[in-house]
Each structure stands twice: as structure tokens, then as C-alpha cells.
Amino acid sequence: MKLRKSSLLAIVALLVVPCMALCRHYTPHGKTQRTERVQAARSSMVTGQGIGSPLLKVGVPAGVPNVRLDYDAMIVYFNPRYHVPNCVIYDYTATLAAMSDAPGAERRKNYKFNPDPNCSSSPDWSDYRGSGYDRGHMAPAMDMRWSPVSMTQCFYMTNMCPQEHGLNGGCWRTLEQTVHKWTKRDKRLIIATGPVLGNGMDMIGPHRNIAVPKAFFKAVYAPAQGRAIAFLFNNVRTTGGIKDHVVSVSYVERVTGLTLFPGVSASIKSKSDYYQWK
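Now for a description of the structure that goes with this document. All of these numbers come straight from a predicted model, not from anything done at the bench.

1. Thoughts on the sheet that holds strand 9 (residues 215-222)
And step 1. Taken in spatial order, the seven strands of this open sheet run 1-2-3-6-9-10-11, and their pairing is antiparallel. Among the strands making up the open sheet, the edge pair consists of strand 1 (67-70) and strand 11 (246-247).
And step 2. By the bridge criterion, four bridges tie strand 1 to strand 2 (residues 75-79) in an arrangement that is antiparallel. If you follow Arg 68 over to strand 2, its bridge partner there is Tyr 77.
And step 3. Across the face of the sheet, helix 6 (residues 171-186) comes into contact with strand 3 (84-93), strand 6 (188-196), strand 9 and strand 10 (227-234) while running at roughly 160° to strand 6.

Structure (C-alpha cells):
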């Protein structure tokens, strides 16, 4: 049976238009939906969470070199003398953690270490080459997979410290995974991470100007639950569980000179009860 040309065009239109509509709604890997979720997450962070939170203000001692760098999902307090951060802090929610764990989340292998374009004293990725140390994230990539921008920024070298591989790939990674899980359970955590800096540190890099910290801390505060905890690890290969490295936030403040979580009571910051967090 022969069909007129006009009839054929009408049939094609009936088939093609619905398909185009479907394509708009079902983009590869759900990119449209994920973009909407990222935009929504950014909007909520600006209104009382994220880098707008007063809990993210870190007090750095007078005389300690410091440059504050505000990014999408974290604040870096960078030390231009030692070329490592004094502290990196961020406001992390269960929503962001779930987005970071979703099948369509950003993949670490697609990102590379880069010098921070917003900081003239940032190391280059190659400055760690041959040092024997990892480029250790302070704000971990696993927490930043919810957005390509946050992933790019967490790979800036201003978020890195020279870290012993046996620590970075062992107990420290276990700690990062544990805090990530706690975020999902407690809905919102303020997470501060950084090195313990001081005299007598080894230096790496072609100009020998990147300090190798003796130790690292991670301090965590749960606003809704009103509890806080911290961990302190020497920068060496470490065995045992993370509970063996529990300290109080107050102790971290004493050894670093930093002031963390302004407005949180001294009684909360002085506690170091790991079993409150189990």
C-alpha cells in the first residue's frame, strides 16, 4: 500500500517528538537530575550551612602566616610559610554524603592534583614528586564527589599535606570513611582537619619549602546532638583502630594553637568519649 509523502512525514513526527522529549528527561547517567540536585545543595548551603556557617571560622594564632580561601564546599586556612594548610574545614550534610555516594557521583580517577589558581604560594603537584610522601587530602575526595566544582577544588594543592602513605592509605582512610558514615547518621557535621605544625619539621620540594607535619588532627562537631570528638595521628604508618587515637577538641586546640567551632561550649569540646559516637 502506498502512502503519500505528507502521511509519512506525519508518522515520523509522531515518533520523533516523543523521543526528543524522553531524551530531555533521561539524559545519560541522570546528569540533568544531578545538576538540579547540586544547584539545590548549593542554595541550601548559602542559607545557613556550607561556608556561610559561623562554625567554620577558625581562629589562627597571631603571628602564624594565614591566607583564607573560600570554596564551594570548604574553607582552606593556608600557611604560605610552610606551604600547607593550617586547617581545612567544611559543613557536611547527609544530603551531600548521599550525593557523593550515588552511582552518578564524580569519580576520583577523573581528577588531577593542581596548584591553586587563587593562591600565589600554592605548591605545584610535582613538588611532592620523589619525596616518599603522599599528597594527603585534608578535605577528602570521598566527601566532595557530589559536585565537579567541589571535586576540582579539593584537588588543589592548598588542600594537601605531605602524608606518610602507611597512614594515608590505612587508619587515616578508615577515619575518613567513619566520619562520612557518621554524617549520614547524624545528618550534619562540622569537620575540621589539618596538620600539627612546629619547629624541626622536615622539608620537601625542589626548594625545600614544604613542611612535613609531625602529626594530623581531625575534629568533628555534631550541632544537633551537641557532641564533639577529635583524633590525633602521628605522621607515620599506624596500626590499630581509630579509637586508640581519640582526643578532645580542646586538646587539639592546645597542640595547634587554633580555635575551632566558635560558640561551642568548653564542656562539649573537652569531651573525648568515642562510645558516644558508636
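So that's the structure; there's more coming.
2. Some details on the packing of aromatic side chains
And step 1. What the rule picks out here adds up to 12 aromatic pairs.
And step 2. Here Trp 182 and Trp 277 contribute two aromatic rings whose centre-to-centre distance is 5.0 Å and whose plane-to-plane angle is 40°, an arrangement assigned as tilted. Of this pair, Trp 182 sits in helix 6 while Trp 277 sits in the segment after helix 8 (266-269), and the two are 95 residues apart along the sequence. With respect to class, Trp 182 is no different from Trp 277; both count as buried.
And step 3. Cluster of aromatic residues (ring-pair linked, three or more members): Trp 182, Phe 231, Tyr 274, Tyr 275 and Trp 277.

3. Quick word on the nonpolar core
Across soluble globular proteins, you tend to see nonpolar side chains buried next to one another.
And step 1. The biggest cluster of nonpolar side chains holds 52 residues, and the ones touching the most others in it are Met 74, Met 144, Trp 182, Leu 189, Ile 229, Phe 231 and Phe 233.
And step 2. When residues of this core are assigned to their parent elements, the largest contribution, five residues, is made by helix 6.
And step 3. Residues contacting Trp 182, with those up to four places away along its chain left out, are Lys 187, Leu 189, Ile 229, Phe 231, Tyr 274 and Trp 277.
And step 4. Listed in part, the 25 residues of the second largest apolar core include Val 58, Tyr 77, Ile 89 and Ala 228.

4. Brief notes about the packing of helix 3 (residues 94-101) against helix 6
And step 1. Close contact between helix 3 and helix 6 brings their axes to 8 Å; oriented N to C, the two are set at 125°. Compared by their axis directions, helix 3 and helix 6 come out oblique. As for how helix 3 packs across helix 6, the hand of that crossing is left-handed. Taken together, the residues of helix 6 that come into contact with helix 3 (itself represented by Ala 94, Ala 97, Ala 98, Ser 100 and Asp 101) are His 180, Thr 183 and Lys 184.
And step 2. Along the lines of polarity and charge, the residues of the contact of helix 3 with helix 6 split into three nonpolar, three polar and two charged.

5. Description of helix 6
And step 1. Here helix 6 spans 22 Å end to end across 16 residues, near enough to the 22 Å set by a 1.5 Å rise per residue.
And step 2. Burial in helix 6 covers these residues: Cys 171, Trp 172, Leu 175, Glu 176, Thr 178, Val 179, His 180, Trp 182, Thr 183 and Asp 186.
And step 3. Of the residues trailing helix 6, Lys 187 is marked for its positive phi of about 80°.

6. Examining unusual backbone geometry
Leave glycine aside and you will find that most residues have negative phi; peptide bonds, for their part, are mostly trans.
And step 1. Within the chain, His 83 stands out as a residue other than glycine whose phi angle is a positive 60°.
And step 2. Mapped onto the elements of the fold, His 83 is located in the loop between strand 2 and strand 3.
And step 3. Even without a glycine there, the phi angle at Arg 208 is positive, about 50°.
And step 4. With respect to the element layout, Arg 208 can be found in the loop between strand 7 (202-204) and strand 8 (210-212).
And step 5. Residue classification places Arg 208 among the exposed positions, given a relative accessible area of 56%.

Here is what the cut-offs are and how they apply
Residues numbered from 1 in each chain as written. Predicted model: local features only at pLDDT ≥ 70, side-chain atom pairs only at ≥ 80, totals over all residues. Heavy atoms only, no water. Pairing = 2+ DSSP bridges. Helix = DSSP H or I, 4+ residues; strand = E, 2+ residues; numbered from the N terminus. Contact = heavy atoms within 4.5 Å. Axes fitted to C-alpha atoms, helices over the stretch in contact; angles between N-to-C directions. Phe/Tyr/Trp six-rings, centres within 6.5 Å; stacked < 30°, edge-to-face > 60°. Buried < 20%, exposed > 50% of the residue type's maximum accessible area, 1.4 Å probe, protein only. Core = buried A, V, L, I, M, F, W, Y, C linked by side-chain atoms within 4.5 Å. Parallel < 35°, antiparallel > 145°, perpendicular 65-115°, else oblique. Left-handed = near helix turned anticlockwise from the far one by under 90°. Nonpolar A, V, L, I, M, F, W, Y, C, P; charged D, E, K, R; others polar. Expected span 1.5 Å × (residues − 1).

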